[in-house]
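# Structural overview
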Amino acid sequence: MKRVKVKKVAVLGAGVMGAQIAAHMVNANVETMLFELPAKEGDPNGNVNKALAGLKKLEPAPAASPAKLAYIQPANYEQHLEKLRECDLVIEAIAERMDWKSDLYRKVAPFLNEHAIFATNTSGLSINTLAEAFPEQLRHRFCGIHFFNPPRYMHLVELIPCKGTEPELLDQLETFLVSTVGKGIVRAKDTPNFIANRIGVFSMLATKHHAQAFKLGFDMVDALTGRYLGRPKSATFRTLDVVGLDVFSHVVNTMRENLTEDPWHQHYELPEWFKYLVEQGALGQKTKRGIYQKIGKEIHVLDLHSREYKLSDAKVDDGVKDILRERDWAKKLAGLRNSQHPQAQFLWATFRDVFHYCALHLESIANNARDVDFAVRWGFGWDMGPFEIWQAAGWQQVAGWIAADIAAGKSMASTPLPAWVTDASRSGVHSAKGSFSPAGNAEQARSTLPVYKRQLYPDALLGETRAYGETVFENDAVRMWHTGDDIAILSFKTKMHAVSNEVLDGILRAVDEAEANFSALVLWQTEAPFSAGAHLLQLMQGVQEKRDGGMFDKLKGAVTRVKFTAAGGGGVGDLLNAATGNVPKVEEVVAKFQQTSMRLKYAQVPTIAAVDGLALGGGCEFAIHCARTVATLESYIGLVEVGVGLLPAGGGCKEMAQRAAAEARGGDIFPIIKRYFQHIAMGEVAKSAELAREMGYLRASDRIVLNKFELLHIAKEEAKALNATAYRPPLHQRQIPVAGRTSIATFKASMINMLEGGFISEHDYNIGCRVAETMCGGDVEAGSMVDEDWLLDLERKNFMELLATDKTQARIEYMLKNGKPLRN
């Protein structure tokens, strides 16, 4: 069989899913065509162009950058079918109608090249039945490829073969989807709704069933079934609104029509209130009304009795809340089962029935328990899959509880648990050897496809052992280690990987170690984020010690933990992370931060920042000083210190001023410095690595990775590539042209207009002036030459002077107490 290298993709159908799949293909730099029916009037591509215009309005954004959408080639079935011959992968994503899909297959089949893969994005129709409408001689190249909505953000893609699909074809498609498109692949059997929707939708149906039994409102159910259970904030009914009630209705109908022998078949029904909402056109988020409705800034929820919307005011019982805060799943489930409170009984009943359902259907829908857990985690956003939770809670104990409830008639189905579940020797379904497969009554190891060798640390599963290499040195703040080669890795251990004084010491030591004993140093965290804001307490303690201790003591009593948001916090506030013990002088730590950034930049070995998730403030400053940044697409990068009344002083202002000068190439610096000034003065955060590149935080030489589990591998490969060309650090630049006092005056004039218009406060103006002064090189002539130390001194001076103001201190204190920025 010829190996297929996917160079060009066609997506058939420009609906919500088809258009977003096309967008994610161009996110991955895959040439993509998007087909739709020709418009009846005007431009034949009018329908596709309308869909592409709609993508620009969608939130969250399907494209990593709006500019990416221009690379999608619009096409229609009348004019462009010949172009399908150029495509190596054709993805059908039209409406879930078997007859419509069959008609389309017959229409396009003559135009497919002989080596093309044809895949349907159906969410639950039978792949084998669909394959029958495909020409027999092409069926070996037909399969299901089920993306989850929104395709850019949901990690899961289910691959479903038909009876005749060539195994090698699936391997090639999986390789492409994992490494190029960045997805997590689960191979599903051809059963209705496959794996994730089968389990996830049943979980919602069970939740609905028990909510009604225990007389709990929609908002109460969502208060109970969200983050307390390690699931998305949208929980159950908010998720339904996001998915769309019409879409959910279709999925449930598929189960009802095709699973007539299922023990739970009677529960594959939708209640009258659901049908009422669909008839009213209240389909959820897309129609601005569903189970919930946003009125002004307030969230209202449907009242079942009056069928009117009322203000959402659900409150979880304090006793139940205490049970849900328990991190040990054994104690949590036992607490829920033993409690007499309806909220707790509701949760236990839902868990019980989902566990029962998964156990009974595992053999028919999946190859092993790992595929079920990953499908639910990656497709529905659960922190742990259902089998993982069961195993964590004590397999035999929970199995006994389920069996007792089945015998007592409490379960939604009376079918007993399979024999493998109650085998006395079983302690779970996941172990270091693999995950249980009922078909072979054995543990099944992970895939051995070569593409997975790029995942040095794939997504972890309960029961698997994980060892992060050999330690070089370790303390409470950082760990330096390696995987048996000559590339050192440094990982932070602080909350949210915030940059404390101790982290700075760790980085400085790691650079020394790397230069002495290794060929490169990679900054990589064992889990996201790369580095986000955390406590500002140490900073405030340092400030208050210079004044009086009283206010700090009050703050310390009131605050436990604060995360920065994109709106504020971060930066040098990160480095002054709340650590107990000695509080270094603020000025000394700021100077040490700058020293650390410069050490990363001028190290004698390549330094690589491997970024995933947030890289705010100080995290961003480290990344921009490393020799290379390798960032996942979903990296959110920015210098956000203005949110707490400060400016970047770990080299951030200096580095962006230096980049502006380099971009100007001897020409006018102002247009470039203006762009960077706006990013910093507004605290803007790039909402993808592509946007970070457009904003200047990533360089043209930096790499963007689609699959976060390949991040460390690619970072190490970048280090090897740099060393292959006899890496030397950049020379110290002693002649940096700056924009000077005329540009500062221009910035001040525009900010005065904003101040007088009421768009910014006087303190915002003060901060903006100091950012301008720092980035423009101070009170010097335009074009004056300065060095990096000059710019670092300006950073440090303006940071300390802002920190001394009452209004900046008030912003920091407010952030600590409330977790959001203060405008003063």
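Predicted model only: the values in this text are computed from it and were never measured.

### Notes on the overall build of the chain
Along its length, the chain carries 31 helices and 23 strands. Taking 2.2 N^0.38 as the reference for a compact globule, 824 residues should give roughly 28 Å; the C-alpha atoms of the chain span a radius of gyration of 28 Å, in line with that estimate. Dimensions of the chain, computed from the C-alpha atoms along their principal axes, are close to 80 × 65 × 60 Å. Within the chain, the proportion of its 824 residues that are buried is 58%. For the chain, contacts bridging at least 24 residues in sequence account for 72% of all contacts bridging at least 6. A total accessible area of about 33500 Å² is found for the chain, and carbon and sulfur atoms account for 51% of it.

### Notes on the sheet that holds strand E13 (residues 434-437)
Reading across from one edge, E12-E13-E14 is the order of the three strands in this open sheet, with antiparallel pairing throughout. Edge positions in the open sheet fall to strand E12 (430-431) and strand E14 (442-444), since each of these has one partner strand only. In this sheet, E13 lies alongside E12 in antiparallel orientation, the contact comprising two bridges. Residue His430 lies in a different strand from E13, and its bridge partner there is Ser435. Helix-sheet contacts for helix H14 (residues 369-380) involve E12, E13 and E14, and the interaxial angle to E13 is about 110°.

### A few points about H14
If you check H14, its first and last C-alpha atoms are 16 Å apart, about what twelve residues at 1.5 Å a residue would give, namely 16 Å. Across the twelve residues that make up H14, a large majority, twelve, are buried. Where H14 is concerned, the buried positions are Ala369, Arg370, Asp371, Val372, Asp373, Phe374, Ala375, Val376, Arg377, Trp378, Gly379 and Phe380. Two to three positions downstream of the cap, the backbone nitrogen of Arg370 sits 3.0 Å from a side-chain oxygen, assigning the N-cap of H14 to Asn368.

### A closer look at the pattern of salt bridges
Under the counting rule described, the total for this entry stands at 49 salt bridges. In this structure, the salt-bridge partner of Glu92 is Lys101, at a minimum N-O distance of 2.5 Å. A residue is classified by how much of its surface remains accessible, and Lys101, at 0% relative accessible area, is buried. Residue Glu788 is joined to Lys601 by a salt bridge in which the shortest nitrogen-to-oxygen separation is 3.1 Å. With a gap of 187 residues between them, Glu788 in helix H30 (residues 788-803) and Lys601 in helix H22 (residues 586-602) connect regions that are remote in the sequence.

### Digging into helix H28 (residues 740-756)
An α-helical turn contains 3.6 residues, so any two residues separated by three or four positions project in the same direction. Between the first and last C-alpha of H28 there are 25 Å, a value that for 17 residues agrees with the 24 Å anticipated at 1.5 Å per step. Inspection of H28 places Gly740, Ser743, Ile744, Phe747 and Met751 among the buried residues, and these make up the whole buried set. Down the axis of H28, the buried set is contained in an arc of 100°. They therefore lie on one face. Away from its buried face, by an angle of more than 90 degrees, H28 presents the exposed residues Asn753 and Glu756. Along its buried surface, H28 packs onto helix H25 (670-681) and helix H29 (762-775). Two residues or fewer past H28, Gly758 is found with a positive phi of approximately 80°.

### A word on the confidence of the model for the chain
Looking at the chain as a whole, the pLDDT averages 92, with 93% of positions reaching at least 70. In this model, residues 549-569 is a region of pLDDT below 50 whose contacts with residues beyond four sequence positions or in other chains number 51 contacts. In this model residues 571-583 is a low-confidence stretch, pLDDT under 50, and it forms 56 contacts with partners more than four residues away in sequence or in other chains.

### A short note on the sheet that holds strand E5 (residues 117-120)
Read across the sheet, eight strands follow the order E3-E2-E1-E4-E5-E6-E7-E8 without closing on themselves; strand pairing throughout is mixed. At either margin of the open sheet sits one strand with a lone partner, and together these are strand E3 (72-76) and strand E8 (184-187). For this sheet the average axis-to-axis angle between neighbouring strands, irrespective of direction, equals 25°. Sitting on the sheet, helix H1 (residues 16-27) touches strand E1 (8-12), strand E2 (31-36), E3, strand E4 (89-92) and strand E6 (142-147), and the angle it makes with E2 is about 165°.

### Here's the deal with the nonpolar core
Counting 115 residues, the largest nonpolar core has Phe387 and Trp390 as its most contacted members. Setting aside anything within four residues of it in sequence, one finds Trp390 in contact with Phe355, Ala359, Trp395, Val398, Ala399, Ile402, Leu417 and Val421. Phe530, Cys620, Phe622 and Ala661 belong to the second-largest nonpolar core, a separate cluster that totals 83 residues.

### A word on the packing of helix H12 (residues 329-338) against helix H16 (residues 395-407)
Relative to each other, H12 and H16 sit at 25°, their axes nearing to 11 Å. One element, H12, and the other, H16, form an angle in the roughly parallel class. In this structure, H12 crosses over H16, and the sense of that crossing is left-handed. Along its contact with H12, which presents Leu333, Ala334 and Arg337, the element H16 presents Val398, Trp401, Ala404 and Asp405. Looking at the contact of H12 with H16 residue by residue, the class counts come to five nonpolar, no polar and two charged.

### Quick look at the pairing of E8
Where strand E7 (residues 156-161) and E8 come together, four bridges link them in parallel fashion. Residue pairing for E8: Leu156 is matched across the bridge by Gly184. Traced from E7 through helix H5 (residues 167-180) to E8, the parallel crossover comes out right-handed.

### Section: unusual backbone geometry
Cis rather than trans, the peptide bond between Glu59 and Pro60 has omega equal to -5°. Mapping Pro60 onto the fold places it in the loop between helix H2 (46-55) and E3. In this chain, Ala528 is followed by Pro529 through a cis amide linkage whose omega measures 5°. With respect to the helices and strands, the residue Pro529 is situated in the loop between strand E18 (520-523) and helix H19 (537-546). A positive phi angle is found at Arg665, which is not glycine, with a value near 50°. Here Arg665 is to be found in the loop between helix H24 (652-664) and H25.

### Comments concerning the packing of helix H18 (residues 501-517) against H22
In contact at an axis separation of 10 Å, H18 and H22 are set at 30° when each is read in the N-to-C sense. Relative to H22, the element H18 lies roughly parallel. Seen along the crossing, H18 lies across H22 with a hand that is left-handed. On H22, the residues that touch Asn501, Leu504, Asp505, Ile507, Leu508, Val511, Asp512 and Glu515 of H18 are Val589, Lys592, Phe593, Gln595, Thr596, Arg599 and Leu600.

### Overview of the pairing of E6
Of all six residues making up E6, six are buried, and the element is well covered by its neighbours. Alternating positions in E6 separate into two faces, Phe142, Gly144 and His146 on one and Cys143, Ile145 and Phe147 on the other, with burial throughout. In terms of strand pairing, E5 meets E6 through three bridges, oriented parallel. Paired with Thr120 across the bridge in E6 is Gly144.

Calculation criteria
Residues numbered from 1 in each chain as written. Predicted model: local features only at pLDDT ≥ 70, side-chain atom pairs only at ≥ 80, totals over all residues. Heavy atoms only, no water. Helix = DSSP H or I, 4+ residues; strand = E, 2+ residues; numbered from the N terminus. Rg over C-alpha atoms; globule rule 2.2 N^0.38 Å. Buried < 20%, exposed > 50% of the residue type's maximum accessible area, 1.4 Å probe, protein only. Contact = heavy atoms within 4.5 Å. Areas by Shrake-Rupley, 256 points an atom, 1.4 Å probe, with all protein chains shown as cover. Pairing = 2+ DSSP bridges. Axes fitted to C-alpha atoms, helices over the stretch in contact; angles between N-to-C directions. Expected span 1.5 Å × (residues − 1). Polar contact = N/O pair within 3.5 Å; in protein donor to acceptor, adjacent residues only side chain to side chain. Salt bridge = Lys/Arg side-chain N within 4 Å of Asp/Glu carboxyl O. Arc of directions from axis to C-beta. pLDDT = per-residue confidence, 0-100. Core = buried A, V, L, I, M, F, W, Y, C linked by side-chain atoms within 4.5 Å. Parallel < 35°, antiparallel > 145°, perpendicular 65-115°, else oblique. Left-handed = near helix turned anticlockwise from the far one by under 90°. Nonpolar A, V, L, I, M, F, W, Y, C, P; charged D, E, K, R; others polar. Right-handed = clockwise from strand over helix to strand, strands pointing away.

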